[in-house]
Amino acid sequence: MATIRLYPSGREVPCPEGSTVLAALEAEGWALPNNCRAGTCGECKVKVRQGEFDQGFVLDMALSPAERAEGYGAMCMAKPLSDVLEIEWGTIDARPLLFPPRRDVPFTLVDAIERTPAITELVLRPDEEPLRYWPGQYVHLGNPPDAPRRAYSIANAPRADGELHFFVTRERFGRTSAWLLDRRPGDELRLDGPYGAFIGDPSIATPVVCLAAGSGLAPILALTDAALRRGFAHPVTLVLSARTEADVYPRGLLAHLERRYGNFHFVRTLTRDEGPPPRGRIPAILADLVGTLAGVAVFIAGPEAFVEDTRRACLALGADPSSLYREPYVPQDDLGSLSVLGPW
Ligand code: FES
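None of these values were measured; they are calculated from a predicted model.

Colleague: Help me out: how do you make sense of the overall build of the protein chain in this one?
Modeller: Helix and strand counts for the protein chain stand at 7 helices and 18 strands. Relative to the compact-globule value of 20 Å for 344 residues, the protein chain shows a C-alpha radius of gyration of 21 Å, a close match. Oriented by its inertia axes, the alpha-carbon framework of the protein chain measures out at about 60 × 45 × 35 Å. Counting across all 344 residues of the protein chain, residues that qualify as buried make up 50%. Considering only intrachain contacts with a sequence separation of at least 6, the fraction spanning at least 24 residues in the protein chain is 67%. Total accessible area on the protein chain is roughly 15,500 Å²; 51% of this is exposed by carbon and sulfur atoms. Separation of charge centres in the protein chain, based on 36 positive and 44 negative side chains, amounts to 3 Å.

Written out as structure tokens, the structure is:
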């Protein structure tokens, strides 16, 4: 068994015989950006600082001869030949490196689907290069000065075609949400981003509990989808707080995730409706739902007050502050629409 060492953090990941570097990293929760997984796109390219590897078949357009000479390799096809392979990955704290934000990136609105009476899902396809982002990040959308640019979390994990999904809530005084919801399929939309550090910790090797309210489900879904697809094997429980049954979305995708991944469990709780239990706000029912949160990583996203109340409830149930990740949204008639926050 070879060892992959991450530079500059020094973290080490085992690489079983015959495994590619990408597969070994993913098996241990250390994601790398990737797309084709077949040596044709170059998305998984990293610098190898030390050790030998079999590069396998990779097209020159994905990894040029000059890049090979500089020590770069495409990790979706690379297999270690030496006992230790040291690659450049993330920060000294073993956090993923963020992609530089782009400005005015053109997209076409390809679909607008009313998910609930309050929330519409917008589907955008890139007209140029796809946007590179980490699940959990957000972009700015708008049309200043009429519709100031506001933050919207991307609701899906990165896809090969670059498609992005957003959940837009029509807000009473939200000029940007009103403008967005007036767009029609075929319209061009320009965005800035990605931004944000609500991207999860790749070294998490514990059960995960995700707590969302309203459109706070967007970053949670992107993180969950990405983690499950890369083979995260610990239990993942997603709790969505909704006013009524009609506000629970997207039921089809959540049902699919439950059937596809035995370790994923979805729970909805209703705060206004009489429907079947569970009912009540997440901070009030959390103890009954999950018991203790000691040794559990917790992700919280939604309106600011919801996030703060839920954070307190999690701490009371034994959650470790360093394993609590939160993304509070601020209403559009306030200063902005979302804060950039990391783990704490
Ligand atoms: S993911 Fe496309 S070359 Fe590796």
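Colleague: How should I be thinking about the sheet that holds strand E7 (residues 84–88) in this particular structure?
Modeller: Backbone hydrogen bonds are what pair the strands of a sheet, in a parallel or an antiparallel way. Reading across from one edge, E2-E1-E7-E3-E5 is the order of the 5 strands in this open sheet, with mixed pairing throughout. Whereas interior strands pair on both sides, the edge strands pair on one side only; in this sheet they are strand E2 (12–15) and strand E5 (72–74). The mean angle between the axes of side-by-side strands here comes to 40 degrees, regardless of whether they run parallel or antiparallel. Relative to E5, strand E3 (residues 45–50) runs antiparallel, the two being bridged by 3 bridges. Counterpart to Lys47 in the pairing with E5 is Tyr72.

Colleague: I would appreciate a short explanation of the packing of aromatic side chains in the present structure.
Modeller: The description of two aromatic rings rests on the distance between their centres and on the angle between their planes. Across all of its chains, the model carries 5 aromatic pairs by this definition. With 5.9 Å between their ring centres and 75 degrees between their planes, Phe198 and Phe299 make a pair best called edge-to-face. Of the two residues, Phe198 is situated in the loop between strand E13 (188–195) and strand E14 (208–213) and Phe299 in strand E17 (residues 297–303); the sequence distance between them amounts to 101 residues. Taken as a pair, Phe198 and Phe299 share a single burial class, namely buried. In this structure an aromatic cluster arises from ring pairing among Phe198, Phe299 and Tyr325. Across from the ring centre of Tyr7, 3.5 Å away, lies the NZ or CZ of Arg49, which sits over that ring.

Colleague: So what exactly am I meant to see when it comes to the UniProt feature "domain: FAD-binding FR-type" (unreviewed entry) in the protein chain here?
Modeller: Here, UniProt's "domain: FAD-binding FR-type" (unreviewed entry) annotation points to residues 102–201. Between the first and last C-alpha atoms of residues 102–201 the distance is 24 Å; the span itself is 7% helix and 48% strand.

Colleague: Where do I start with the side chain of Thr120 in this structure?
Modeller: On the secondary structure map, Thr120 appears in strand E9 (residues 119–126). In this structure, Thr120 is in contact with Ala112, Ile113, Glu114, Arg115, Phe166, Phe167, Val168 and Leu181, ignoring residues within four places of it in sequence.

Colleague: Is there a simple way to explain the packing of helix H4 (residues 217–229) against helix H5 (residues 251–260) in this structure?
Modeller: For the pair H4 and H5, the least separation of the axes is 12 Å and the interaxial angle reads 30 degrees. Overall, the two elements H4 and H5 adopt an arrangement that is roughly parallel. The handedness of the crossing between H4 and H5 comes out as left-handed. Only Leu253, Leu254 and Leu257 of H5 make contact with H4, whose side of the interface consists of Leu221, Asp225 and Leu228. Looking at the contact of H4 with H5, its residues break down into 5 nonpolar, no polar and 1 charged.

Colleague: Would you take a moment to explain the sheet that holds strand E16 (residues 264–270) for this structure?
Modeller: Strand order across the open sheet formed by 5 strands is E16-E15-E14-E17-E18, with parallel pairing between neighbours. Single-partner strands in this sheet number two, and they are E16 and strand E18 (324–329). Across the sheet, the mean angle from the axis of one strand to that of its neighbour is 10 degrees, orientation sign disregarded. Examined bridge by bridge, E17 and E18 share 6 bridges and lie parallel to one another. Counted as the bridge partner of Ile300 is Arg326 from E18. Here helix H7 (residues 304–316) sits on the sheet and contacts E14, strand E15 (236–242), E17 and E18; the angle it forms with E17, its principal contact strand, is near 155 degrees.

The rules behind these values
- Residues numbered from 1 in each chain as written.
- Predicted model: local features only at pLDDT ≥ 70, side-chain atom pairs only at ≥ 80, totals over all residues.
- Heavy atoms only, no water.
- Helix = DSSP H or I, 4+ residues; strand = E, 2+ residues; numbered from the N terminus.
- Rg over C-alpha atoms; globule rule 2.2 N^0.38 Å.
- Buried < 20%, exposed > 50% of the residue type's maximum accessible area, 1.4 Å probe, protein only.
- Contact = heavy atoms within 4.5 Å.
- Areas by Shrake-Rupley, 256 points an atom, 1.4 Å probe, with all protein chains shown as cover.
- Lys, Arg positive; Asp, Glu negative; His and termini not counted.
- Charge placed at Lys NZ, Arg CZ, Asp CG, Glu CD.
- Pairing = 2+ DSSP bridges.
- Axes fitted to C-alpha atoms, helices over the stretch in contact; angles between N-to-C directions.
- Phe/Tyr/Trp six-rings, centres within 6.5 Å; stacked < 30°, edge-to-face > 60°.
- Lys NZ or Arg CZ within 6 Å of the ring centre and 35° of its normal.
- UniProt positions renumbered as here; feature names shortened; annotations may be inferred.
- Parallel < 35°, antiparallel > 145°, perpendicular 65-115°, else oblique.
- Left-handed = near helix turned anticlockwise from the far one by under 90°.
- Nonpolar A, V, L, I, M, F, W, Y, C, P; charged D, E, K, R; others polar.

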